[in-house]
Amino acid sequence: MTQSLTLRRPDDWHLHLRDGAMLQGVLPETARHFGRAIIMPNLVPPVVTGAQAAAYRDRILAALPEGAAFEPLMTLYLTEDTDPADVRAAAESGLVKAVKLYPAGATTNSHSGVRNFDRVRGVLEVMAEIGLPMCVHGEVTTAEIDIFDREAVFIDTVLDPLRRATPGLRVVMEHITTEEGVAYARAGGPDLGATITTHHLIINRNHILVGGIKPHYYCLPVAKREKHRLALRAAATSGEGCFFLGTDSAPHVDALKEHACGCAGCFTATNTMSILAHVFEEEGALDRLEAFTSLNGPAFYRLPVNPGTIRLVKHETAHAYPSKIITEAGPVTVFDPGFPLFWGVA
Ligand code: NCD
Ligand code: ZN
């Protein structure tokens, strides 16, 4: 008998769509399954002002396939020069749903990020006052901290002091990758949430490095030890309201992934729902998939759940998906979970 599962239409609470030819090529992959997505602002140059976010939103809407019902939820890239009044206006108009904090140098296109947190105090205070969430890339960037420790050190030395200094600030820990991240999010109360990616539920650091270097598994924050992957799986499948899906689907053309200095990012927009159904079934938690993909995120962001539904079907034979998306910017390899997928979106 074919197994099937109907869910509220899911949302992606952390997505990179890029711009131009890449946007055109990858947007249909997300719009096919997801109702909304929090759109990351790390373009070159970054999306810093409300006016820039409005223009980027227009470009996304113009790139949507005919008939697609997809709503981009815009974010602003926090810099030390961000104007608190502009943030307030962009949020109060409904355009902007979050502000993104990148510690300077933490990841792709993050050099305009924050070095001195005293310089963003005014913005943080406005955000706390109006309830506008801050999405945090939670890694320190200091050269002497090992890359595998950067998330845990960030929580202790930056995130926790920042939250204590800014009562009422609502924070999303983006793409958590460690058991420390899981524990901190769980203990944080109603103003703290955490997104978990698709790929961090599948790969640990061995997948990147054993038997030859696998550039398509390299992303930031980098995948950690197996015990951390297991903590993430337990969190995602727990149903707890603080954990929700943020794929961090981050397309780069193959030429820049398969490179002497390869870009960070896994492209998972195409097969995320199939992979998640597989993971939740393995964990005996198919009944909690909807909370993770479709309910907990809107509750945190104080938005209604999507009106429609999607139906997942488990096929008898492996469900085919393209290995690459061909864009006019170049081919983009779709994340390979390393096992066949039987679940697909009907
Ligand atoms: C993202 C990108 O390519 O923009 N890369 C990644 O590995 N996740 C940036 C980010 O979210 O860190
Ligand atoms: Zn990201």
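Since the structure is predicted, the reported quantities are computational estimates derived from the model, not experimental observations.

Here the bond from Val44 into Pro45 is cis, since omega is -5 degrees, no more than 30 degrees from zero. Along the chain, Pro45 turns up in the loop between strand E3 (36–39) and helix H2 (50–63). At the junction of Leu220 and Pro221, the peptide bond is cis and its omega measures out at -10 degrees in the coordinates. Tracing the sequence through the fold places Pro221 in the loop between helix H7 (205–209) and helix H8 (226–236). The phi angle at His175 is positive, at roughly 35 degrees, despite the residue not being glycine.

With that settled, the discussion passes to the packing of helix H1 (residues 20–31) against H2. What describes two packed helices is the angle between their axes and the distance between those same axes. At a minimum axis separation of 9 Å, H1 and H2 run at an interaxial angle of 60 degrees. As for how H1 packs across H2, the hand of that crossing is right-handed. Facing Leu23, Gln24 and Leu27 of H1, the residues of H2 in contact are Arg59, Ile60 and Ala63. Its residues placed into classes, the contact of H1 with H2 shows 4 nonpolar, 1 polar and 1 charged.

When the UniProt feature table is mapped to this numbering, "binding site: Zn(2+) 1" (unreviewed entry) covers His14, His16, Lys100 and Asp248. For the annotated residues, spread through 235 residues, the largest C-alpha to C-alpha distance comes to 13.2 Å, consistent with a single compact locus. Of the annotated residues named above, the ones that line the largest cavity are His14, His16, Lys100 and Asp248. Here His16 is to be found in the loop between strand E2 (11–15) and H1. You can call His16 buried: its relative accessible area is 7%. Once residues within four sequence positions are removed from consideration, His16 is found in contact with Met40, Asn42, Tyr102, Asp248, Ser249, Ala250 and Pro251. Separated by 3.2 Å, the side chains of His16 and His14 make a polar contact. By the element assignment, Asp248 lies in the loop between strand E9 (243–245) and helix H9 (254–257). The residues contacting Asp248, other than those within four sequence positions of it, are Asp12, His14, His16, His175, Thr197, His199, Leu220 and Cys266.

In this section: the coordination of the zinc ion (ligand 2). For the zinc ion (ligand 2), the full set of protein donor atoms is His14 (NE2), His16 (NE2) and Asp248 (OD), at a range of 2.0 Å. For the zinc ion (ligand 2), the 4 donor atoms are set out with angles of 93 to 137 degrees between them, so the coordination reads as irregular. Expressed as a motif, the donor residue spacing for the zinc ion (ligand 2) is H-x1-H-x231-D. With His16 in the loop between E2 and H1 and Asp248 in the loop between E9 and H9, this residue pair connects regions lying 232 residues apart in the sequence. We note that His16, like Asp248, is buried.

Parameters and conventions
- All residue numbers refer to positions counted from 1 along the written sequence of the respective chain.
- In the order they appear in the text, chains get letters beginning with A and ligands get numbers beginning with 1.
- The model is predicted, so local features are restricted to residues of pLDDT at least 70 and side-chain atom pairs to those at 80 or more, both for listing and for counting; the totals for chains, interfaces and linings are taken over all residues.
- Just so you know, side-chain values use all the structure's heavy atoms and leave hydrogens and water out.
- Each helix is a run of H or I in the DSSP string that is no shorter than four residues. Each strand is a run of E no shorter than two, and both are numbered from the N terminus.
- For helices, the fitted line uses only the C-alpha atoms of the stretch in contact; every axis is such a line through C-alpha atoms, and the angle between N-to-C directions lies from 0 to 180 degrees.
- Each helix crossing is assigned a hand: it is left-handed if the near helix lies turned anticlockwise from the far helix by less than a right angle, otherwise right-handed if that turn is clockwise.
- In what follows, residue pairs with any heavy atoms lying within 4.5 Å of each other are defined as contacts.
- Note on residue classes: Ala, Val, Leu, Ile, Met, Phe, Trp, Tyr, Cys and Pro are nonpolar, Asp, Glu, Lys and Arg are charged, and everything else, Gly too, is polar.
- UniProt positions are given in the numbering used here, feature names are shortened, and annotations may be inferred rather than shown by experiment.
- Two kinds of site are reported from a 1 Å grid over the protein atoms alone, namely cavities, where a 1.4 Å probe fits but cannot get out, and pockets, open sets with protein on both sides within 12 Å along at least five of seven lines, and residues are called lining when an atom falls within 4 Å of a point.
- Exposure is judged per residue with a 1.4 Å probe applied to protein chains only, and the accessible area is read against the type maximum: over 50% gives exposed, under 20% gives buried, and values in between give partly exposed.
- Polar contact is defined as a pair of N or O atoms within 3.5 Å, subject to the rule that within protein one atom must be able to donate a hydrogen and the other to accept it, and that residues adjacent in sequence are counted only when both atoms are side-chain atoms.
- Coordination partners: N, O, S within 2.8 Å of the metal, 3.2 Å for Na, K and Ca; water not considered, so apparent gaps in a site are possible.
- Any coordination sphere not matching a tetrahedral pattern (four donors, all angles between 85 and 135 degrees) or a square planar or octahedral pattern (four or six donors, opposite donors over 155 degrees apart, other angles between 65 and 115) is reported as irregular.

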